Amino acid sequence: MGELYRVGDLRIEAWPGDHNPLHVHVSTKNNELEVKIDISGDEVKVLRPAKDERIRTNSKHTKRALALCQENLEYLQEAVRKYYDAQ
């Protein structure tokens, strides 16, 4: 997993070979909370977990993750593409 961005207690990461759509994982530094954010378009949105995944977020964490990803969308899109291309 590659860390792309960190601010405060939040980390934004991408996993090599992960599935579409283009997305990042936003987690707390202790990994208690994690949400997947779809960054494939002009506006970020929550990527719903697969059937076999547990939801590990709350509304405050989700709102912070969405805002952080939207503020850094262009950088994240470029970084994730470069990261995937390098794998």
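All values derive from a computational prediction rather than experimental measurement. (Residues numbered from 1 in each chain as written. Predicted model: local features only at pLDDT ≥ 70, side-chain atom pairs only at ≥ 80, totals over all residues. Heavy atoms only, no water.)

1. Considering the pattern of salt bridges
Right, so step 1: Considering all chains together, one arrives at five salt bridges under this definition.
Right, so step 2: Residue Glu-3 is joined to Arg-6 by a salt bridge in which the shortest nitrogen-to-oxygen separation is 2.8 Å.
Right, so step 3: Residue Glu-3 is classed as partly exposed on the basis of its relative accessible area, which comes to 43%.
Right, so step 4: For Glu-13, the salt bridge goes to Arg-11, with nearest N and O atoms at 3.3 Å. You'll find Glu-13 and Arg-11 in the same group, each marked buried. (Salt bridge = Lys/Arg side-chain N within 4 Å of Asp/Glu carboxyl O. Buried < 20%, exposed > 50% of the residue type's maximum accessible area, 1.4 Å probe, protein only.)

2. Comments concerning the nonpolar core
Right, so step 1: By size, the foremost hydrophobic cluster in this structure holds 19 residues, and its most contacted members are Val-24, Val-26, Ile-37, Ile-39 and Cys-69.
Right, so step 2: If you list the elements that add at least two residues to this core, you get strand 2 (10-14), strand 3 (23-28), strand 4 (34-38), helix 1 (59-71) and helix 2 (73-86).
Right, so step 3: Leave out the neighbours within four places in its chain, and Ile-37 touches Leu-22, His-23, Val-24, Val-26, Val-44, Lys-45, Val-46, Leu-47, Ala-65, Leu-66 and Cys-69. (Core = buried A, V, L, I, M, F, W, Y, C linked by side-chain atoms within 4.5 Å. Helix = DSSP H or I, 4+ residues; strand = E, 2+ residues; numbered from the N terminus. Contact = heavy atoms within 4.5 Å.)

3. Description of the packing of aromatic side chains
Right, so step 1: According to the stated counting rule, one finds one aromatic pair in the structure shown.
Right, so step 2: With a centroid separation of 6.2 Å and an interplanar angle of 55 degrees, the aromatic rings of Tyr-5 and Tyr-75 are classed as tilted. Placement of the pair is Tyr-5 in strand 1 (residues 2-7) and Tyr-75 in helix 2, with a sequence separation of 70 residues.
Right, so step 3: Classification of Tyr-75 as partly exposed rests on a relative accessible area of 41%. (Phe/Tyr/Trp six-rings, centres within 6.5 Å; stacked < 30°, edge-to-face > 60°.)

4. Observations concerning the pairing of strand 1
Right, so step 1: Looking at chain direction, strand 1 and strand 2 are connected through five bridges and run antiparallel. Looking at the pairing, Tyr-5 lines up with Ile-12 of strand 2.
Right, so step 2: In this antiparallel pair of consecutive strands, strand 1 and strand 2, the connection spans two residues, and Gly-8 shows a positive phi of 55 degrees. (Pairing = 2+ DSSP bridges.)

5. A few points about the sheet that holds strand 5 (residues 45-46)
Pairing between sheet strands relies on hydrogen bonds along the backbone, with the strands arranged either parallel or antiparallel.
Right, so step 1: With respect to topology, five strands assemble into an open sheet ordered 1-2-3-4-5, the strand pairing being antiparallel. In this open sheet, the two edge strands, each paired with only one partner strand, are strand 1 and strand 5.
Right, so step 2: Where strand 2 and strand 3 come together, four bridges link them in antiparallel fashion. By the bridge assignment for strand 3, Ile-12 is matched with Val-26.
Right, so step 3: Lying on the sheet, helix 1 is in contact with strand 1, strand 2, strand 3, strand 4 and strand 5; it crosses strand 4 at an angle near 35 degrees. (Axes fitted to C-alpha atoms, helices over the stretch in contact; angles between N-to-C directions.)

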